[in-house]
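# Remarks on the overall topology
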Amino acid sequence: PTEKREARFNSWMSLEIDFATPDAAQAYRQRIQMIKDVTDLKQPERVPVIPWFGVYPAEYGGITVQEAMYDYDKLGAAFKKFNADFLPDGLASAALMGPGKVFDMLDYKIYNWPGHGTPPDTSYQCVEGEYMLADEYDQLINDPSGYFMRTYLPRAFGALAPWQMLGPFTDIIELPFVGLGLIPVGIPPVQEAFKTYIEAGQAVMEWISAVGPIDGASIATLGLPNIIGSFTKAPFDIIGDTMRGTRAIMLDMYRRPGKLIEAMERIVPIAIEMGVRYATVSDTPMVFIPLHKGADGFMSNKDFEKFYWPTFKAVLLGLIDNGTVPYLFVEGGYNQRLDIITDPDIPAGSTIWLFDHTDMREAKKKLGGWACFGGNVPGSMMKAGTPQEIETYVKQLIDDVAQDGGYILANGAVMDDTNPANL
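Sequence order sets the numbering: in each chain, residues are counted from 1 along the sequence as written. Selection of residues for local features in this predicted model requires a pLDDT of at least 70, selection of side-chain atom pairs for listing and counting requires 80 or more, and totals for whole chains, interfaces and linings are taken over all residues. Note that water and hydrogens are dropped before the side-chain values are worked out from all heavy atoms of the structure.

As a further point, take unusual backbone geometry. Phi is mostly negative for residues that are not glycine, and the peptide bonds are mostly trans. For L87, which is not glycine, the phi torsion reads 45 degrees and is therefore positive. Only DSSP runs of H or I covering at least 4 residues are called helices, and only runs of E covering at least 2 are called strands; the numbering of each starts at the N terminus. Structurally, L87 can be placed in the loop between helix 5 (72-86) and helix 6 (100-106). We call a residue buried when its accessible area falls under 20% of the maximum for its residue type, exposed when it is over 50%, and partly exposed in between, using a 1.4 Å probe and counting protein chains only. The class for L87 is partly exposed, based on a relative accessible area of 41%. Although it is not a glycine, D283 adopts a positive phi angle of roughly 60 degrees. With respect to the helices, strands and loops of the structure, D283 is situated in the loop between helix 13 (257-282) and strand 4 (286-291).

Pairing of aromatic side chains requires ring centres within 6.5 Å, counting the rings of Phe and Tyr and the six-membered ring of Trp. Pairs whose planes differ by under 30 degrees are stacked, by over 60 edge-to-face, and all others tilted. Considering all chains together, one arrives at 28 aromatic pairs under this definition. Judged by centre distance (6.1 Å) and plane angle (80 degrees), the rings of Y56 and F82 are edge-to-face. Of this pair, Y56 sits in helix 3 (residues 56-60) while F82 sits in helix 5, and the two are 26 residues apart along the sequence. Each member of the pair Y56 and F82 is classed as buried. Between the aromatic rings of Y108 and F157, the centroid separation amounts to 4.5 Å while the plane-to-plane angle is 10 degrees, which identifies the pairing as stacked.

Before going further, it helps to examine the sheet that holds strand 2 (residues 117-118). The criterion for strand pairing is that DSSP finds at least two bridges linking the strands in question. Taken in spatial order, the 3 strands make up an open sheet running 2-1-3, and their pairing is mixed. Two strands close off the open sheet at either side, each with one partner strand: strand 2 and strand 3 (125-126). Bridge count for strand 1 (residues 111-114) against strand 3 is 2 bridges, and the pairing is antiparallel. Of the residues in strand 3, the one forming a bridge with Y111 is C126.

Expected helix span is computed as 1.5 Å times (number of residues minus one). The end-to-end C-alpha distance of helix 13 is 37 Å, a good match for the 38 Å that 26 residues give at a rise of 1.5 Å each. Each residue is assigned a bend, namely the angle between axes fitted to the seven residues that terminate at it and the seven residues that start at it. The sharpest bend along helix 13 reaches about 30 degrees and sits at I267, with the proline P269 one to four residues further on. Buried within helix 13 we find L260, A263, M264, I267, V268, A271, I272, G275, V276 and A279. The first or second residue beyond helix 13 is D283, which carries a positive phi of 60 degrees.

Now for the pattern of salt bridges. The salt bridge definition used is simple: a Lys or Arg side-chain nitrogen within 4 Å of an Asp or Glu carboxyl oxygen. This structure, assessed with the given rule, holds 27 salt bridges. Notably, a salt bridge pairs R256 with D252, separated by 2.4 Å at the nearest N-O pair. The exposure class of D252 is buried, given its relative accessible area of 0%. Residue E391 is joined to K395 by a salt bridge in which the shortest nitrogen-to-oxygen separation is 3.1 Å. Placement of the pair is E391 and K395 together in helix 18 (residues 387-401), with a separation of 4 residues, close to one helical turn. Residue E391 is classed as partly exposed on the basis of its relative accessible area, which comes to 38%.

Structure (structure tokens):
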């Protein structure tokens, strides 16, 4: 695993990029070296500053979030300006805005987004619901891909509802059964759903063809590495966030704990493979993982150790074994979890933890010498505080926890709004 990770970092640092200037090329390599140093628990050249940005670059660029999701020229101008003006050590990627046109085409049910359920100048919102029913655990366990295609996605995307009529692709095993297996594909509503799916794919290609050059320009001219090239989630969050929903998965912990655990164990290799695959394609070792339902207040430590941690830990170990670096965005508080997550089975210097409401001095006591960590600068202070308050807070934070390395300066919650002077 260590050799694989070294190879991934070396490949990331030596990407074939046509830098605008030698200074940009040098800045790119220096930033990656700082990130590698803190990951390895070494003292970097300076503390890397890598905020986690949401939709704020759109506001700063003078456009609405809705415009950023639909007008790629305006999206590009806003994000190029933001990156050039603030020069974070990690790229603020235009890809995180998402293609509104595609969500419209597919009639995405699980979220509202700017101009489609939320005001044009706001972020998106999750629409909680049971998009997976309580009696469907066995279907998910027995055939995850089949369940997603024929049950979950038809509920999540209105345009794909006819896919519920599809039969299992595993029916198609010999010549006499090919015709019978394909009958559902010939049903007009199913064909229309596939047509929309293809058109959405074409729209995604239009979007990524615009986003790629936007991000590429900031990388080439400013030397800002793209930190987040991959993504996965903890199995409990995969099921709880947008499949069962918060209320339903909390009930499942009491009503069907065995099935919930079995389903999460089934998802572990899927979550690992997704993270590794995207990291390989993007040539970036970091795998971003937002942590949601394991936060303090969602469940007791006893339940965390039973339901959340075992499969989450298995995903972390799988990612580490493949040479990637789990980059964990720890939303909420993990003050009750610090003794649990500092598991001796997880190698030192193999993970990064960005905390939100976690006590950073306690995090230093527990994670110091074991894992890189950061975060904690309050979103409320970023918006309502003064530059002097921010400066004082950040200096104290660095004095308290960053003196011997292994630390990244970052905000605690996704930055959807702030005062630019504070930033």
